[in-house]
Amino acid sequence: MIVIVGHGPSAYELTPNFLEKHTVIRLGKDERPKVQSLVKIIGNKADIICSFNPSYQRKNAIFWCLAGPLRQFCIDKLKPFNPAFAKPSTGVSAALIARDKYPESEIAVSGFDITLNPETAPQGWVHDSYAEKACLNTLKIIEL
């Protein structure tokens, strides 16, 4: 199984032992205060890093840079859910790319709390969580 680890509170329920058994996709940088505490609890295993910023690459991890063709791929995949869609989240982008690259794999997400519960999005949230949730529902994603 491929496990995409977001930064939301549900990711704190993961364990290092669970993650060691799976391919792990991490999002962006793990040095922000909120994320750093997550790393202390679940570890920093990353087989793949998905980020808009190339400086977040790690040794021994595949890197998906969300610029150019990969970013456009994600935007195009989200357009059916909102034709004006322009800013996909890193997590949903990772799920779209994972489903494309590994079509037969089970893909699970954790830490996608706002995306999976769009009504909880704080004022000013820059992503369309309703469109992103609808998109995730078509990808056969497992919510951990």
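What counts, and where the lines are drawn
Residues numbered from 1 in each chain as written. Predicted model: local features only at pLDDT ≥ 70, side-chain atom pairs only at ≥ 80, totals over all residues. Heavy atoms only, no water. Buried < 20%, exposed > 50% of the residue type's maximum accessible area, 1.4 Å probe, protein only. Helix = DSSP H or I, 4+ residues; strand = E, 2+ residues; numbered from the N terminus. Arc of directions from axis to C-beta. Contact = heavy atoms within 4.5 Å. Salt bridge = Lys/Arg side-chain N within 4 Å of Asp/Glu carboxyl O.

K.L.:
Whenever I open this one, helix α3 (residues 68-78) confuses me. Can you help?
P.N.:
The α-helix winds at 3.6 residues per turn, so residues separated by three or four positions along the chain end up facing the same way. All buried positions along α3 are accounted for by Cys-74, Ile-75 and Leu-78. On an axial view of α3, the arc spanned by its buried residues comes to 100°, and they lie on one face. Buried residues belonging to α3 abut α4 (90-101) and α6 (129-138).

K.L.:
What should I look at first to understand the pattern of salt bridges in this one?
P.N.:
Pairs can form between side chains of opposite charge whenever their charged atoms are close. If you walk through the whole model with that rule in mind, you get one salt bridge. The partner of Asp-47 in a salt bridge is Lys-45, with the nearest N and O atoms 2.9 Å apart.

K.L.:
Looking at this model, I keep getting lost on α6. Mind explaining?
P.N.:
Within the sequence span of α6, burial applies to Ser-129, Ala-131, Glu-132, Cys-135 and Leu-136. Along the axis of α6, the buried residues cluster in a sector spanning 155°; they form a single face. Turned more than 90 degrees away from the buried face of α6, the exposed residues are Tyr-130 and Asn-137. One or two steps after α6, the chain reaches Lys-140, where phi turns positive at roughly 55°.

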